[in-house]
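Residues per chain, in single letters:
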Amino acid sequence: MLFNEPLAFSPRGQKPFFISFEGGEASGKTTQANILYSRLHGSGLRVTLVKEPGSTPLGQELRAILKGRSFTAASELLLFLAARAELVEKVLQPALVQSAIVIADRYADSTLAYQGYGRGLDLGLIQDLNSFVTRGIMPRLTFLLDLPPEEAQRRLAQSQAPLLGGPGEGWEARPGVGRLEAEGSRFEAEAMAFHQRVRDGYLKLAAAEPRRWRVLDGRVAKEVLADLVWGHVKEMLAAS
Ligand code: TMP
């Protein structure tokens, strides 16, 4: 198994490295981010794992606000960006300065995919605002866990999880964003179209920057995915 092979890099000469996980709902990002964190940490490396929105006190509050109410597309965009500004200045940049490997469970690309491609807000504007709040700090490696919305719907129906939340959290259903209906196990037609736009958007982002992105089939078993992720990460770290 890939995990058991010796690392071609050593904790002593560790350099900063930024990895992000992106994808639609129920694509397995969080699981893969956690597995990667354990593997790197278990290899003796300094690793910081962050989740967006969240991972700072303001980020946590904004997560709670975002999940409970309905917003205009513009205010939703600005709330996600506010959480990111806080994360970059207080957690992400300091970790990279200390040569840690940072793993982000969602980052700037989520905003392009959801508020840009999904909601239809101006992509150039989002890019400018992303540059402002990220201070230009972007991942060297981004995994897209690609999953058809129909498969996401099936997974969520099985788990009874809300579509837009983390484990056990219910994000309010709102037009154009959508989530699993409170009692049911299907996307609304509008929500399905939204999630399809998000997926297509992600694929466009990945195609535009193939050196940064690795597109993985989110339907594959999580153990197989974890080994694929590990293989890519080891290769990139060895080359960095
Ligand atoms: P998650 O915890 O399952 O990743 O859910 C976070 C939700 O927030 C998910 O539906 C995607 C959404 N989101 C955006 O719409 N824009 C963003 O910039 C970020 C970070 C998340």
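If you're wondering where the values come from, they're calculated on a predicted model, not measured in any experiment. (Residues numbered from 1 in each chain as written. Predicted model: local features only at pLDDT ≥ 70, side-chain atom pairs only at ≥ 80, totals over all residues. Heavy atoms only, no water.)

## Structural notes on the overall build of the protein chain
Consideration 1: If you tally the helices and strands in the protein chain, you get eight helices and five strands.
Consideration 2: Each helix (α) and strand (β) of the protein chain, taken in turn from the N terminus, gives the series β-α-β-α-α-β-α-α-β-α-α-β-α.
Consideration 3: By residue count, 48% of the 240 residues in the protein chain fall in the buried class.
Consideration 4: In the protein chain, of all internal contacts separated by at least 6 residues, the share reaching a separation of at least 24 is 77%.
Consideration 5: Accessible surface, the protein chain as shown: approximately 11,000 Å² in total, 55% of it carbon and sulfur. (Helix = DSSP H or I, 4+ residues; strand = E, 2+ residues; numbered from the N terminus. Buried < 20%, exposed > 50% of the residue type's maximum accessible area, 1.4 Å probe, protein only. Contact = heavy atoms within 4.5 Å. Areas by Shrake-Rupley, 256 points an atom, 1.4 Å probe, with all protein chains shown as cover.)

## Examining the packing of aromatic side chains
Consideration 1: The tally for this structure, following the rule as stated, stands at five aromatic pairs.
Consideration 2: Geometry around Tyr107 places Arg84 over its ring, the cationic atom sitting 5.8 Å from the centre. (Phe/Tyr/Trp six-rings, centres within 6.5 Å; stacked < 30°, edge-to-face > 60°. Lys NZ or Arg CZ within 6 Å of the ring centre and 35° of its normal.)

## A closer look at the sheet that holds strand β4 (residues 141-146)
Consideration 1: Strand order in this open sheet of five strands is β2-β3-β1-β4-β5, and the pairing throughout is parallel. The open sheet has two edge strands, β2 (47-51) and β5 (213-217), and neither has a second partner. Neighbour-to-neighbour, the strand axes of this sheet turn through a mean angle of 20°, independent of strand direction.
Consideration 2: Bridge count between strand β1 (residues 17-23) and strand β3 (residues 101-105): five bridges; the pairing is parallel. (Pairing = 2+ DSSP bridges. Axes fitted to C-alpha atoms, helices over the stretch in contact; angles between N-to-C directions.)

## So, the pairing of β1
Consideration 1: Burial analysis of β1 places seven of its seven residues in the buried class, which makes it a mostly covered element.
Consideration 2: Here β1 shows two buried faces, one formed by Phe17, Ile19, Phe21 and Gly23 and the other by Phe18, Ser20 and Glu22.
Consideration 3: Pairing of β1 with β4 involves five bridges; the strand directions are parallel. Of the residues in β4, the one forming a bridge with Phe21 is Phe143.

## Some remarks on the pattern of salt bridges
Consideration 1: As enumerated under the stated definition, the model contains 13 salt bridges in all.
Consideration 2: Here Asp105 ties to Lys29 by a salt bridge, and the two come within 2.9 Å at their closest N and O atoms. Here Lys29 lies in helix α1 (residues 29-42) and Asp105 lies in strand β3, a separation of 76 residues in the sequence. Each member of the pair, Asp105 as well as Lys29, carries the same accessibility label: buried.
Consideration 3: For Arg212, the salt bridge identified is with Glu209, shortest N-O distance 3.0 Å.
Consideration 4: Given a relative accessible area of 7%, Arg212 falls into the buried group.
Consideration 5: The exposure class of Glu209 is partly exposed, given its relative accessible area of 39%.
Consideration 6: Connected via shared salt-bridge partners are Lys29, Lys51 and Asp105. (Salt bridge = Lys/Arg side-chain N within 4 Å of Asp/Glu carboxyl O.)

## Examining the nonpolar core
Consideration 1: If you look at the biggest cluster of nonpolar residues, it comprises 20 residues, and the most contacted ones within it are Ile19, Phe21, Leu36, Leu40, Ile101, Phe143 and Val233.
Consideration 2: Sorting the residues of this core by element identifies β1, α1, β3, β4 and α8 (222-239) as the ones contributing at least two each.
Consideration 3: What Leu36 contacts, discounting residues up to four positions off in sequence, is Ile19, Phe21, Ile103, Val229, Trp230 and Val233.
Consideration 4: Residues Leu81, Leu144, Phe194 and Val198 belong to the second largest nonpolar core, which totals 14 residues. (Core = buried A, V, L, I, M, F, W, Y, C linked by side-chain atoms within 4.5 Å.)

## Remarks on α8
Consideration 1: Along its 18 residues, α8 runs 26 Å from first to last C-alpha, staying within 8% of the 26 Å computed at 1.5 Å per residue.
Consideration 2: Inspection of α8 places Leu225, Ala226, Asp227, Val229, Trp230, Val233, Lys234, Met236 and Leu237 among the buried residues, and these make up the whole buried set.
Consideration 3: Check the buried side of α8 and you find it contacts β1, α1, β3, β4 and β5. (Expected span 1.5 Å × (residues − 1).)

## Observations regarding helix α4 (residues 108-118)
Consideration 1: Most of α4 is tucked away, with ten of its eleven residues classed as buried.
Consideration 2: Listing the buried residues of α4 in full gives Ala108, Asp109, Ser110, Thr111, Leu112, Ala113, Tyr114, Gln115, Gly116 and Gly118.
Consideration 3: Once α4 finishes, Gly120 follows within two positions and takes phi at roughly 90°, a positive value.

## Observations concerning unusual backbone geometry
Consideration 1: Cis rather than trans, the peptide bond between Glu52 and Pro53 has omega equal to -10°.
Consideration 2: Assignment of secondary structure puts Pro53 in the loop between β2 and α2 (57-68).
Consideration 3: The phi dihedral of Ser55 falls on the positive side, at around 65°, and the residue is not glycine.
Consideration 4: Inspection of the secondary structure puts Ser55 in the loop between β2 and α2.
Consideration 5: Notably, Ser99 is not glycine yet its phi reads approximately 65°, a positive angle.

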